[in-house]
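# Residue-level structural notes
Below are the chains, spelled out letter by letter.
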Amino acid sequence: MTVMDTMRPQLWLIGTTLTLMILLFGCGGGSSKKETVIDKKQIFSVNISGAGQIIRSQAKTNVGDRLDINLLPDKGYMVDQASGCNGEWLYNRYVVQSVPEVCELAFVFRQVVRENVDNLFVPKQLETDTYTLNYHLYSPPVKQGERYPLILALHGTAEGAAAQEGQVNPHLVDNLGEVIGRPVATTWLQEPIREQYPAFVLAPLITLDANGQWYDDELTRIFDQAIQSVLDTHPVDPDRIYLVGHSVGGMAAWTAPAILNSRFAAIMPMSGWFDSNNVSATLPETIDLAYSTLSIWSFGHVDDIDVPIIATREIRSEMQTQGRSVQVFNDLNLSSDRAAALQAVKQPFRYFNTELTQPCFGGGAACHWAGMDNAATEPLLMDWLFRQHRIDPGAIRSSSASTEQNDVMLTWEVALEYMSETMTIWALNEQESHWRQLTSIPAYEQQASIASSVLGADTLIRMTLRDTKGMTVGMRDIRL
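Quick caveat: nothing in here was measured; it's all calculated off a predicted structure.

Here strand β3 (residues 43-49) runs beside strand β9 (residues 102-111); their pairing, made up of seven bridges, is parallel. In the strand pairing of β9, isoleucine 48 is matched with phenylalanine 107. Strand direction decides the pairing type here: strand β6 (residues 77-83) and β9, joined by six bridges, are antiparallel. If you follow methionine 78 over to β9, its bridge partner there is arginine 110.

Next comes the structure, spelled out in structure tokens:
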């Protein structure tokens, strides 16, 4: 979105509008706008500053209605402020439970400025019988009684060859002195990312005396001990542990779930590959078992000469062979239709793959870094990652579908601790590329009736169990 795009008015019609006034501020190159709709009963205004847009859940909103707004920053921007109408800011969403008569909303999108954040990490060390693991830990400001995600960030070989703090300090620069490669650990500490998505960041350092590799079974279990030490001493949510890695760290992101089954909620491999010669499981086995309880978003550049794009394409092909749907995006900024990309990210797809094509300074070698550095400024990716929750295979204990006249009756049983959650039911058939949400009801009702007319032939039904924060904690598929 350009600056001029932010100036285009969006009319918010509430009730029966008798008088309409649209007030725009910052014209002639400014980046702010204000829209006001006035009727005899209500004043409704929206103020937007910066590069981004808002997408409402419904076309018309009345007094007393629930209002869900998706906040969609442009690439390189983050939501900095969201307020008004007694609403609640939840990551890249803003929710007003009941729209008041006087409702004034304000949203600010701020450009992300890359920082040197090495001083926010604390160096630590883990001694085992066979290895001494040096690592750095970032701890966010915490609130009493709350638990936070943990990001395990695994660097590539170049960082291991750098100084002791190579995994947290910028090191790759172009001929103008600009940093073009940034350690994967520092992405999550940039402002306002660390404010909007507070999380612990664990950044181990693997040195060249260990061949600069992460994907050895024994070493993987050692950094798992580091994860456990943080869990034992900090308020970390064990169901929201995310593994991200670049290069050989990306390889570890692919292979670690095979060794540490059910540890992670999501993995994000960047410029990595799956080498079954170095782990105790094959790719098909890992996909069938280890990947079933987590979500994946992987990245590769078509001009990467260090890890050719065919590496991630082979993984994607194997996943599709097993009947797992993989959403593919060309390039990371998704600028052709960000609203459509947002809808895809919000749907119950589990697996995403991005192929980058934009030019890289320095050719193929620099393209090896492109995925990691571009990911740092993509708000859709941030929104996706921090909504991931480990899938509990036992959350939905059983499910079935039966035909009753012109309806399909779905029944299920959930574990006792999930009775208060929400069951959302989706449908996908051979002619569709996106899931359709059919209904969303309390899980304790344990059944739902779906009209056969809305279901096509060979339809896949996906039942997702969601908690109060909208995170998916259970999932089960039924093929009709």
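Judged by nonpolar contacts, the single largest core of 43 residues is most densely connected at Phe121, Ile151, Trp188, Val201, Trp297, Trp384 and Phe386. Residue assignment for this core shows that the elements contributing at least two residues are β12 (148-154), β15 (200-205), β16 (236-246), β17 (266-270), β18 (295-301), α7 (338-346), α9 (379-385) and β23 (422-428). Considering each element in turn, this core owes the most residues, five residues, to α9. When neighbours within four sequence positions are excluded, isoleucine 151 is seen to be in contact with Trp188, Ala199, Phe200, Val201, Leu202, Tyr242, Val244 and Phe386. Residues Tyr135, Ile206, Leu219 and Phe274 belong to the second largest nonpolar core, which totals 42 residues.

With respect to topology, three strands assemble into an open sheet ordered β21-β22-β25, the strand pairing being antiparallel. Taken across any chain shown, the strands that pair with only one partner, and hence form the sheet edges, are β21 (396-404) and β25 (447-451). The mean inter-strand angle of the sheet, taken between neighbouring strand axes irrespective of direction, is 20°. Inspection of the sheet shows β21 paired to strand β22 (residues 407-414) by eight bridges, in the antiparallel sense. Directly across from serine 402, in β22, lies its bridge partner methionine 409.

Here the focus is the state of the cysteines. Under the definition given, this model contains one disulfide. Put simply, cysteine 85 and cysteine 103 are joined by a disulfide, and their sulfur atoms are 1.8 Å apart. With the S-S bond torsion at 110°, the cross-link from cysteine 85 to cysteine 103 turns out right-handed. Taken as a pair, cysteine 85 in the loop between β6 and β7 (88-90) and cysteine 103 in strand β9 lie far apart in primary sequence, 18 residues in all. As far as burial versus exposure is concerned, cysteine 85 and cysteine 103 are alike and both buried.

This part is about the packing of aromatic side chains. What describes a pair of aromatic rings is the distance from one ring centre to the other and the angle between the planes of the rings. Applying the stated rule across the entire model yields 14 aromatic pairs. Aromatic side chains tyrosine 94 and phenylalanine 107 sit 5.6 Å apart centroid to centroid with 80° between the ring planes, which places their arrangement in the edge-to-face category. Residue tyrosine 94 is located in strand β8 (residues 93-96), and its partner phenylalanine 107 is located in strand β9; the two are separated by 13 residues in the primary sequence. Where tryptophan 297 meets phenylalanine 329, the ring centres are 5.8 Å apart and the plane angle is 40°; that geometry is what we call tilted. Of this pair, tryptophan 297 sits in strand β18 while phenylalanine 329 sits in strand β19 (residues 326-330); the two residues are 32 residues apart in sequence, bridging distant segments of the chain. Residue tryptophan 297 is classed as buried on the basis of its relative accessible area, which comes to 1%.

Quick notes on the rules
- Residues numbered from 1 in each chain as written.
- Predicted model: local features only at pLDDT ≥ 70, side-chain atom pairs only at ≥ 80, totals over all residues.
- Heavy atoms only, no water.
- Pairing = 2+ DSSP bridges.
- Helix = DSSP H or I, 4+ residues; strand = E, 2+ residues; numbered from the N terminus.
- Core = buried A, V, L, I, M, F, W, Y, C linked by side-chain atoms within 4.5 Å.
- Buried < 20%, exposed > 50% of the residue type's maximum accessible area, 1.4 Å probe, protein only.
- Contact = heavy atoms within 4.5 Å.
- Axes fitted to C-alpha atoms, helices over the stretch in contact; angles between N-to-C directions.
- Disulfide = S-S within 2.5 Å.
- Phe/Tyr/Trp six-rings, centres within 6.5 Å; stacked < 30°, edge-to-face > 60°.

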